[in-house]
Amino acid sequence: MSEETIPDYRYVFQKDLLRGKVAFITGGGTGIGFTITEILMRHGCDTIIASRRLDVVRSAAEKLSKATGQRCLPLQMDVRKPEAITKAVDEALGQFKQIDILVNNAAGNFLCPAENLSFNAFRTVMEIDAHGTFNVSKAVFEKYMKNNGGVIINITATLSFRGRVLQTHAGSAKAAIEAMTKHLAVEWGPNGIRMMCVAPGPIADTEGMRRLGGEHIDDAMVKAIPVQRLGKREDIGNTVLFITSRAGELLTGTTVIADGGAWLTSENNFWKIKNSPMFKQMSKM
Ligand code: HXC
Ligand code: NAP
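Okay, so let's go over this structure. Every value quoted in this text rests on a predicted model; they were computed, and no experiment measured them.

**Section: helix H6 (residues 168-188)**
- The first and last C-alpha atoms of H6 sit 29 Å apart over 21 residues, in line with the 30 Å expected at 1.5 Å per residue.
- Along H6, the residues classified as buried are His169, Ala170, Gly171, Ala173, Lys174, Ile177, Glu178, Met180, Thr181, Leu184, Ala185 and Trp188.
- Where H6 is buried, its residues meet helix H4 (119-148), strand S5 (150-155), helix H5 (159-162), strand S6 (193-200) and strand S7 (254-258).

Here it is as structure tokens:
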């Protein structure tokens, strides 16, 4: 899927809100991470986007810079590999001299009942989401934020709040990230670092939604969401922007749930979902 910038972005905050700041976004070449990056850049921030596929981050960086006039450095990096992370953070600091904002957005997911998850499948998702978040946070802390402060925002999910069906792996990983966020908020607060999570609900036009059966969402499912609509990538970008702003200065060690209330009402009956045509079709993928 080729990413496109927002054609008609409407500013809520001042355009120069993040002038002079630098943000590092993992998985910033696609989906929610791409739009978070775009919105930070639209507010004067320079960025680094890092993921496994260099061609993807390169093409995204070109589009983002063209649309916003800010600098965007694309880097190849697997969040499971500490050496690659160290190299990427060094490269970012070599170019920009600072990293004020880190967004841990990279993740991996698929629908799968726990009984069908291989040991490696569970480990893989834990390693990308939970270990990856720790790895990148630690590298950025050691190399910059320890002495300069900053904001770290981890993108989680609402999966673990109710024990969501078919998501033992991703829900466990995101729950670990939420706990980690609290621990690091306590330890790193005195260094001037705020640690936050943003937990999106179902967000339209994303790989995450596609993998979780997005094309099967019908009007009744949307009407079950309290705000009566799916989330947009822009909603998550604006939430991240708010947290980084001065308006968010007292926020740390907690989660902003940006889901329109979806987790309160969404279907979560294992027997029913396992026997639905949607799950039967997806299980064959
Ligand atoms: C069951 C699966 C599987 C599936 C992979 N595995 N896909 N098991 N169902 N659909 C198993 C494999 O068989 C293997 O186990 C193990 O997982 C590792 O798979 P690899 O392909 O070797 O791993 P890797 O190349 O590292 O890729 C990681 C990945 C992949 C997570 C499996 O899908 C990926 O790179 N995803 C990144 C993009 C993504 O997922 N985006 C969505 C994020 S959305 P065995 O035992 O066979 O070796 C998101 C939404 C959260 O997180 C909440 C929404 C509400
Ligand atoms: P996405 O487009 O697939 O984004 C995932 C990104 O992570 C990709 O850019 C991918 O790039 C990168 N990535 C994956 N594994 C990596 C690794 N090992 N090292 C480095 N980068 C890696 O999916 P999305 O739907 O936008 O999801 C973004 C975030 O939002 C995730 O944290 C997800 O859990 C969360 N979320 C999404 C939804 C939703 O409805 N979409 C709901 C709740 C939460 P490469 O393949 O190039 O590495």
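Next comes the rest of the description.
**So, the packing of aromatic side chains**
- Following the criterion strictly, the structure yields three aromatic pairs and no others.
- Their ring planes at 85° and their centres at 4.9 Å tell us that Tyr9 and Tyr11 sit as a pair that is edge-to-face.
- For Tyr9, a relative accessible area of 9% translates into the label buried.
- The class of Tyr11 is partly exposed, set by a relative accessible area of 32%.
- Each ring, one from Phe141 and one from Trp188, has its centre 4.0 Å from the other, and the planes form 5°; the classification is stacked. Taken together, the residues span a long stretch of sequence, with Phe141 in helix H4 and Trp188 in helix H6 at a distance of 47 residues. Here Phe141 and Trp188 have matching classes, each one buried.
- Positioned over the ring face of Tyr11 is Lys15, at 5.0 Å from the centre of the ring.

Quick notes on the rules
- Residues numbered from 1 in each chain as written.
- Chains lettered and ligands numbered in written order.
- Predicted model: local features only at pLDDT ≥ 70, side-chain atom pairs only at ≥ 80, totals over all residues.
- Heavy atoms only, no water.
- Helix = DSSP H or I, 4+ residues; strand = E, 2+ residues; numbered from the N terminus.
- Expected span 1.5 Å × (residues − 1).
- Buried < 20%, exposed > 50% of the residue type's maximum accessible area, 1.4 Å probe, protein only.
- Contact = heavy atoms within 4.5 Å.
- Phe/Tyr/Trp six-rings, centres within 6.5 Å; stacked < 30°, edge-to-face > 60°.
- Lys NZ or Arg CZ within 6 Å of the ring centre and 35° of its normal.

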